[in-house]
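Structural overview for review
The residues making up each chain are set out below.
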Amino acid sequence: MCLPKHIAIIMDGNGRWASERGLPRQEGHRQGVKILKKIIKKTSELGIKYLTVYAFSTENWKRPDHEVNFLMKLMERTMASETDELISNKIKINFIGRRDCLAKELKEKIKDVEKSSRKNDRLTLNIAFNYGGRAEIIDAVKNVIDNDLQADNISEDVFSKYLYQPDLPDVELLIRTGGDKRISNFLLWQLAYAEMFFSDKYWPDFSADDLQNAVTDFCNRERRFGGLKNAGDN
Ligand code: FPP
């Protein structure tokens, strides 16, 4: 059976979803969390092993203070209300991103949830928070230097062990909602051979059926990884 091993999602369009309804942008983010819960459930039911979602980028600090504060609080509140259920559903929760500038309470919650879910193996949910793809590569380079690795010993496999999640497999399917067709500094290393699926729907309108459609579309694609079609036939 065809299934992508690792799906990554750029959940875009919360603000526009809210504005079009005459609601404050916060309402779009709140609705976004509800949809995320449904998509996690569907991903887990399909048997997909890794899901990485972009919840807050290193660039999102440029938003007005009140929106940044709201997103930080929303993450804290969502963790308080949802992680028990995720953990009881055998979901392992990891955070990727720079943690140093997050609030102390949030950092502690992140540590706790990672610890209490670490033995779960049904689905690994990575929450990219204060995450940037370039920042991750820079942090990995610093890590390599701090560990005194010699140039001759560095390969792609070795380097990937210094990323935020050393055992994270490459993304096979990237989904972006909200109509834009760009990567926005998400998982630059892990997306090297990903198939891209762009949806015009705003994130709060994305459904479990839409996820299923994206997976079906992925399964109908021919992936060559730089090789040739039916290369073994010649
Ligand atoms: C993009 O929509 C969305 C975000 C920057 C945040 C994504 C967060 C969630 C879906 C909620 C889950 C996250 C937490 C914190 C629990 P946008 O605001 O860029 O929408 P726009 O492009 O329409 O303005």
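Residues numbered from 1 in each chain as written. Predicted model: local features only at pLDDT ≥ 70, side-chain atom pairs only at ≥ 80, totals over all residues. Heavy atoms only, no water.

Lining the immediate environment of the ligand, one finds 17 residues, of which Asp12, Gly15, Arg16, Arg25 and Arg63 sit closest. Contacts to the ligand include Asn14, whose backbone N or O atom sits 3.2 Å from an oxygen atom. A distance of 2.7 Å separates an oxygen atom of the ligand from a polar atom in the backbone of Arg16. If you map the ligand onto the pockets, it falls in the largest pocket. For the shell around the ligand, the class distribution of residues is six nonpolar, seven polar and four charged. (Near = heavy atom within 4 Å. Polar contact = N/O pair within 3.5 Å; in protein donor to acceptor, adjacent residues only side chain to side chain. 1 Å grid on protein atoms, 1.4 Å probe; cavity = no way out; pocket = protein on both sides within 12 Å on 5 of 7 lines; lining within 4 Å. Sits in = over half its atoms within 2 Å of the grid points. Nonpolar A, V, L, I, M, F, W, Y, C, P; charged D, E, K, R; others polar.)

To continue, consider the environment of Gln190. Residue position: Gln190 is located in the loop between β5 (173-176) and β6 (195-198). Of the residues examined, Gln190 reaches a relative accessible area of 3% and is grouped as buried. Along the chain, Gln190 and Ala8 lie 182 residues apart, while their C-alpha atoms are 9.7 Å from each other. For Gln190, the side chain forms a polar contact with the side chain of Glu136, separated by 3.3 Å. (Helix = DSSP H or I, 4+ residues; strand = E, 2+ residues; numbered from the N terminus. Buried < 20%, exposed > 50% of the residue type's maximum accessible area, 1.4 Å probe, protein only.)

Next up on the list: the layout of surface pockets. In this structure, the largest pocket occupies an estimated 1,100 Å³ of space. Elements that contribute at least two residues to the lining of the largest pocket include exactly α1 (14-20), α2 (25-46), β2 (50-57), α3 (65-88), β3 (91-96) and β4 (123-131). Per element, the largest residue contribution to the lining of the largest pocket is 11 residues, and it comes from α2. Taken together, the residues that form the lining of the largest pocket break down as 21 nonpolar, 12 polar and 14 charged. (Points joined across faces, edges and corners; volume = space filled by probe spheres on them.)

Among the five residues of strand β1 (residues 6-10), five are classified as buried, and the element is accordingly described as predominantly covered. Along β1, one buried face is formed by His6, Ala8 and Ile10 and the opposite face, lined by Ile7 and Ile9, is buried too. Here β1 runs beside β2; their pairing, made up of five bridges, is parallel. Among the inter-strand pairings, Ile10 is bridged to a residue of β2, identified as Tyr54. Bridge analysis of β1 against β5 gives four bridges, and the strand direction is parallel. Across the sheet, the residue bridging to Ala8 is Leu174, located in β5. (Pairing = 2+ DSSP bridges.)

Locating Glu136 in the fold gives a position in helix α5 (residues 133-146). Put simply, Glu136 is tucked away with no salt bridge, and the nearest opposite charge, on Arg98, sits 10 Å away. A polar side-chain atom of Glu136 sits 2.6 Å from a polar atom in the side chain of Tyr131. Within polar-contact distance, the side chain of Glu136 engages the backbone nitrogen of Tyr164 at 3.0 Å. With near-sequence residues (within four places) excluded, Glu136 lies in contact with Tyr131, Leu163, Tyr164, Gln165 and Gln190. (Lys, Arg positive; Asp, Glu negative; His and termini not counted. Salt bridge = Lys/Arg side-chain N within 4 Å of Asp/Glu carboxyl O. Contact = heavy atoms within 4.5 Å.)

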